[in-house]
2 protein chains.
Amino acid sequence: MTDRKPKIPRKREKTATELSDGVLQGNRAILAQAITLIESNAPRHFEKAQELLNLIIPSSGKSIRIGITGVPGAGKSTFIEAFGMYLCELGHKVAVLAVDPSSSVTGGSILGDKTRMEQLSRHPHAYVRPSPSAGTLGGVAKKTRETILLCEAAGYDVIIVETVGVGQSEVAVRSMVDIFLLLALTGAGDELQGMKKGIMELTDLLLINKADGDNEQKALRAKQEFSRILHFLRPATKGWSSKALTCSALYQIGIDTVWNNILEYEKVTKESNVFQERREAQMKDWFYTMIVDRLQTMFFQHSTIKQQLPILESQILSGKLSASLAVNELFEEYERAK
Amino acid sequence: MTDRKPKIPRKREKTATELSDGVLQGNRAILAQAITLIESNAPRHFEKAQELLNLIIPSSGKSIRIGITGVPGAGKSTFIEAFGMYLCELGHKVAVLAVDPSSSVTGGSILGDKTRMEQLSRHPHAYVRPSPSAGTLGGVAKKTRETILLCEAAGYDVIIVETVGVGQSEVAVRSMVDIFLLLALTGAGDELQGMKKGIMELTDLLLINKADGDNEQKALRAKQEFSRILHFLRPATKGWSSKALTCSALYQIGIDTVWNNILEYEKVTKESNVFQERREAQMKDWFYTMIVDRLQTMFFQHSTIKQQLPILESQILSGKLSASLAVNELFEEYERAK
């Protein structure tokens, strides 16, 4: 009872400038601290996080941002490990982030268990970050966007953003990356039914993984079937015909082809300016999304609105009040209460 | 120059109660006046329109609301005319409305030319209303929603909402109807590419029109191909497998089958409560959409915001300012200016 641990003197918190300097030097430990600051929900961290972001922003943007999703069992971790290692060996610096709004609910994160990408997370040119634990998709997406900027400032030139595809997380990821990859399995017909509605329409490259051994022929047939279906859909990116490819992450077959296709995509979209236009549009959209989120939070968190809303809603549903009139009453109350 | 027309004394405007009484009695002339009031953009009409809506709302809701869209040339008008006449002959009262945000731009409306549905618009049990001429999709959709309520209160038990499919108008129509029909032509492969992204996924019944004469075999093959594709997609409505059917509006073949499928759909979805749940969800969504629209209008129309927004936006795009910080600055300005 008496031999309590002696108090360890707490280290002085780094200033925004110190964090920024460390990030810009590519210091991984400081990058991790900077991301933790960005991810923090504590109001006292907000201002410093903003200061940090403003310092690193001029050094951000110089990467290719790759989104990856896939049906469960398609082997996302194995693929990202093999793909990331391949890129590191080519001399790239690779950061792996995740948008996983479920992690806070289930307690586990898709990337929380770093052993899933054991090799890659130990590579000096790779940085694997577990998913932020903030609850809502909006919150997780905001933090991931800002983490992308930090990683870019730290010199990572390939950013991989993974999602398990809970809720609208693919749409969120698509809105923050340059190219979107879907990892699928053989047996297009059956697989497609397990796929989320609309997911094919976001896809620039569809990778049929596990194309090895006995599975290879099946994978080639799946590739043909997927190609046919992609052909029916409008391309996810203007001027780029979405493609299906086969690969084997386990045996590291076709990983180079995936990367070459990404490079080709980058070349084509940069030449047509579609790449730059999408980045600008993404930045604008994000800005407006944050504004509208804030407006809604201010309104719906207001005590008067919280009290009136369920009353009006039940009057609408029971056919006693028109929705337009309910909106009017709500805003009159809001104006009076302000 | 001197023989100016004598001033015709203007008729006294009807009160909301008079309009409501007329609508509830099924008086078509008064229904038309009531809809015109709802469609008016004049601020002085707003309050009366709200009063009217509140009077008729308890009598609304007792209809099946059918959305229809289709590729250009699929024969929407001919189909709606044949389908509407068939229903009138069965003793139903049919209202045809339109969501066409383009009509104000092009000057013409998809339904403006009533001669397109000459027979139906003259039938005593039918009411064909041209598209409201308000500009934005949001505005048109709001008016159409309220017009549905008025028509229901006037005793119309089948409401058909047509759209040409400009912008997101199919999504808007899907959000106000119980069942959604897509009119297609033969040659699924080619046709599909002309179809709007995502439209198949909203569809409960896909009708291949012009299945007559030499075209019949082709239509049957198209039906098979479309069935296969629908099978790949998640059903638009829980518990209902989206179907492809053939018909010929011109020769009135298969119109009864379309109606029987709609009745079957109504039965299945009412038994599973999916019908009622969707209506409630639609009503709630609409209420929240109107709230958020109003919030945004208040904010973005504010003179301070109008002035600051482009400045901050260009700072973000040139990488001088983080989007989060820009949002903060904007709201600080907003609070100060209020």
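What you see is a predicted model; the values in this text were computed from it and never measured.

The rules behind these values
Residues numbered from 1 in each chain as written. Chains lettered and ligands numbered in written order. Predicted model: local features only at pLDDT ≥ 70, side-chain atom pairs only at ≥ 80, totals over all residues. Heavy atoms only, no water. 1 Å grid on protein atoms, 1.4 Å probe; cavity = no way out; pocket = protein on both sides within 12 Å on 5 of 7 lines; lining within 4 Å. Points joined across faces, edges and corners; volume = space filled by probe spheres on them. Helix = DSSP H or I, 4+ residues; strand = E, 2+ residues; numbered from the N terminus. Nonpolar A, V, L, I, M, F, W, Y, C, P; charged D, E, K, R; others polar. Contact = heavy atoms within 4.5 Å. Buried < 20%, exposed > 50% of the residue type's maximum accessible area, 1.4 Å probe, protein only. Pairing = 2+ DSSP bridges. Phe/Tyr/Trp six-rings, centres within 6.5 Å; stacked < 30°, edge-to-face > 60°. Lys NZ or Arg CZ within 6 Å of the ring centre and 35° of its normal. Axes fitted to C-alpha atoms, helices over the stretch in contact; angles between N-to-C directions. Parallel < 35°, antiparallel > 145°, perpendicular 65-115°, else oblique. Patch = residues over 30% accessible without salt bridge, like charges linked within 9 Å, V, L, I, M, F, W, Y side chains within 5 Å. Areas by Shrake-Rupley, 256 points an atom, 1.4 Å probe, with all protein chains shown as cover. Salt bridge = Lys/Arg side-chain N within 4 Å of Asp/Glu carboxyl O. Lys, Arg positive; Asp, Glu negative; His and termini not counted. Charge placed at Lys NZ, Arg CZ, Asp CG, Glu CD. Least-squares fit on C-alpha atoms with pLDDT ≥ 70 in both.

## Let's talk about empty space enclosed by the protein
Item 1. Tallied over the entire structure, the rule returns four cavities of 30 Å³ or more.
Item 2. Estimated volume of the largest cavity: approximately 60 Å³.
Item 3. For the largest cavity, the full set of lining residues is A:Leu295, A:Met298, A:Phe299, A:Tyr334, A:Lys338, B:Leu295, B:Met298, B:Tyr334 and B:Lys338.
Item 4. Only α12 (274-300) of chain A together with α12 (274-300) of chain B provide two or more residues apiece to the lining of the largest cavity.
Item 5. With three residues, the top contributor of residues to the lining of the largest cavity is α12(A).
Item 6. Looking at the lining of the largest cavity residue by residue, the classes come out as seven nonpolar, no polar and two charged.
Item 7. Empty space within the second largest cavity amounts to approximately 40 Å³.
Item 8. Along its surface, the second largest cavity is lined by B:Glu39, B:Leu97, B:Ala98, B:Arg129, B:Pro130, B:Pro132, B:Thr144 and B:Thr147.
Item 9. Taken together, the elements giving at least two residues each to the lining of the second largest cavity come down to β2 (94-99) and α7 (137-153) of chain B.
Item 10. Grouping the amino acids of the lining of the second largest cavity by side-chain chemistry returns four nonpolar, two polar and two charged.

## Comments concerning the environment of A:Ile253
Residues and elements named next belong to chain A.
Item 1. Relative to the helices and strands, Ile253 resides in the loop between β7 (243-246) and α11 (255-271).
Item 2. Considering only alpha carbons, one finds Ile253 and Ala211, 42 residues apart in sequence, at a separation of 8.2 Å.
Item 3. Each residue touching Ile253, except ones within four places of it in the same chain, is listed here: Cys247 and Ser248.

## Remarks on the pairing of β2(B)
Residues and elements named next belong to chain B.
Item 1. Buried residues dominate β2, accounting for six of its six residues.
Item 2. Residue alternation in β2 divides its side chains into two sets, Val94, Val96 and Ala98 and Ala95, Leu97 and Val99, and both sets are buried.
Item 3. Here β2 runs beside strand β3 (residues 126-128); their pairing, made up of three bridges, is parallel. From the neighbouring strand, Ala95 faces β3, where its bridge partner is Tyr127.

## Thoughts on the packing of aromatic side chains
Item 1. Counting across every chain of the model gives 20 aromatic pairs over all chains.
Item 2. Between A:Phe299 and A:Phe300, the aromatic rings sit 5.2 Å apart at their centres with planes inclined by 90°, giving edge-to-face as the arrangement. Each member of the pair, A:Phe299 as well as A:Phe300, is classed as buried.
Item 3. On the numbers, 4.6 Å between centres and 70° between planes, the contact of A:Phe299 with A:Tyr334 is edge-to-face. Within this pair, whereas A:Phe299 is found in helix α12, its partner A:Tyr334 is found in helix α14 (residues 323-337), the two being separated by 35 residues in sequence.
Item 4. For A:Phe299, a relative accessible area of 0% gives the class buried.
Item 5. Take A:Tyr334: its relative accessible area is 6%, and that puts it in the buried class.
Item 6. Its end group placed over the ring of A:Tyr156, A:Lys93 keeps NZ or CZ at 4.4 Å from the ring centre.
Item 7. Of note, A:Arg294 hangs over the ring of B:Phe331, and the distance from its end group to the ring centre comes to 4.6 Å.

## What about the sheet that holds strand β7 (residues 243-246) of chain B?
Residue and element names in this part refer to chain B.
Item 1. Pairing is parallel in the open sheet, where seven strands are placed in the order β3-β2-β4-β1-β5-β6-β7. The sheet is open, and its two edges are formed by β3 and β7, each paired on a single side. This sheet shows a mean twist of 25° between the axes of neighbouring strands, independent of strand direction.
Item 2. Across the face of the sheet, helix α10 (residues 216-232) comes into contact with β5 (179-184), β6 (205-208) and β7 while running at roughly 170° to β7.

## Observations concerning the packing of helix α4 (residues 76-89) of chain B against helix α11 (residues 255-271) of chain B
All names here are of chain B.
Item 1. Viewed as axis vectors pointing N to C, α4 and α11 meet at an angle of 70°, and their least axial separation amounts to 10 Å. Viewed along their axes, α4 and α11 adopt a mutual orientation that is roughly perpendicular. Where α4 abuts α11, its residues Phe79, Ala82, Phe83, Tyr86 and Leu87 lie against Ile255, Asp256, Val258, Trp259 and Ile262.
Item 2. In terms of residue class, the contact of α4 with α11 is built from nine nonpolar, no polar and one charged.

## Some thoughts on unusual backbone geometry
Only a minority of non-glycine residues have a phi that is not negative, and only a minority of peptide bonds are not trans.
Item 1. Notably, A:Asn273 is not glycine yet its phi reads approximately 70°, a positive angle.
Item 2. Here B:Gln252, not a glycine, exhibits a phi torsion of approximately 55°, which is positive.
Item 3. As for its placement among the helices and strands, B:Gln252 is situated in the loop between β7 and α11.
Item 4. The exposure class of B:Gln252 is exposed, given its relative accessible area of 58%.

## A short note on the sheet that holds strand β6 (residues 205-208) of chain A
All names here are of chain A.
Item 1. In spatial order, the strands read β3-β2-β4-β1-β5-β6-β7; together these seven strands make up an open sheet with parallel pairing. The open sheet is flanked by β3 (126-128) and β7, the only strands paired with a single partner. Along the sheet, successive strands turn relative to each other by an average axial angle of 25°, direction set aside.
Item 2. The pairing of β6 with β7 spans four bridges and is classified as parallel. Looking at β7, one finds that Leu205 is bridged to Lys243.
Item 3. Sheet contacts for helix α10 (residues 216-232): β5 (179-184), β6 and β7; angle to β7, the most-contacted strand, approximately 170°.

## Topic: a negative patch on the surface
Item 1. Negative charge collects at one region of the surface, where A:Glu47, A:Glu51, B:Glu329 and B:Glu332 lie side by side.
Item 2. Assignment of secondary structure puts B:Glu329 in helix α14 (residues 323-337).
Item 3. Since its relative accessible area comes to 35%, B:Glu329 is described here as partly exposed.

## Re a nonpolar patch on the surface
Item 1. There is a patch of nonpolar side chains on the surface, built from A:Leu250, A:Tyr251 and A:Ile253 and spanning about 350 Å² of accessible area.
Item 2. You can see A:Leu250 is positioned in the loop between β7 and α11.

## Regarding the relation of the copies chain B and chain A
Item 1. The operation relating chain B to chain A is a screw motion whose rotation component is 179°, with 0.0 Å of axial translation and a residual RMSD of 0.1 Å. Both copies are brought into coincidence by an operation consistent with a two-fold rotation axis.
Item 2. Take the interface residues of chain B: 100% of them recur as interface residues in chain A, which is what a same-surface contact looks like.

## Brief notes about the pattern of salt bridges
All names here are of chain A.
Item 1. Counted by the stated rule, this structure contains 26 salt bridges over all chains.
Item 2. Its salt-bridge partner being Arg122, residue Glu118 comes within 3.6 Å of it at the nearest N-O pair. Here the residue Glu118 and the residue Arg122 both occupy positions in helix α6 (residues 118-122), the gap between them amounting to four residues, near one helical turn.
Item 3. Classification of Glu118 as partly exposed rests on a relative accessible area of 43%.
Item 4. Assessed through its relative accessible area of 60%, Arg122 is described here as exposed.
Item 5. A salt bridge links Arg279 to Asp178; the nearest nitrogen and oxygen atoms lie 2.7 Å apart. With Arg279 in helix α12 and Asp178 in the loop between α8 (169-174) and β5, this pair connects stretches of sequence that are 101 residues apart. We note that Arg279, like Asp178, is buried.
Item 6. What emerges from the salt-bridge pattern is a single network uniting Glu13, Arg44 and Lys48.

## Description of the pairing of strand β1 (residues 64-70) of chain B
Residue and element names in this part refer to chain B.
Item 1. Within β1, seven of the seven residues are buried, which leaves it mostly tucked inside the rest of the structure.
Item 2. Covered by surrounding structure in β1 are Ile64, Ile66, Ile68 and Gly70 together with Arg65, Gly67 and Thr69, the residues of both alternating faces.
Item 3. Where β1 meets strand β4 (residues 158-163), five bridges bridge the pair, whose relative direction is parallel. What sits directly across from Ile68, in β4, is Glu162.
Item 4. Pairing analysis gives five bridges linking β1 to β5, with the strands arranged parallel. Looking at β5, one finds that Gly70 is bridged to Leu183.

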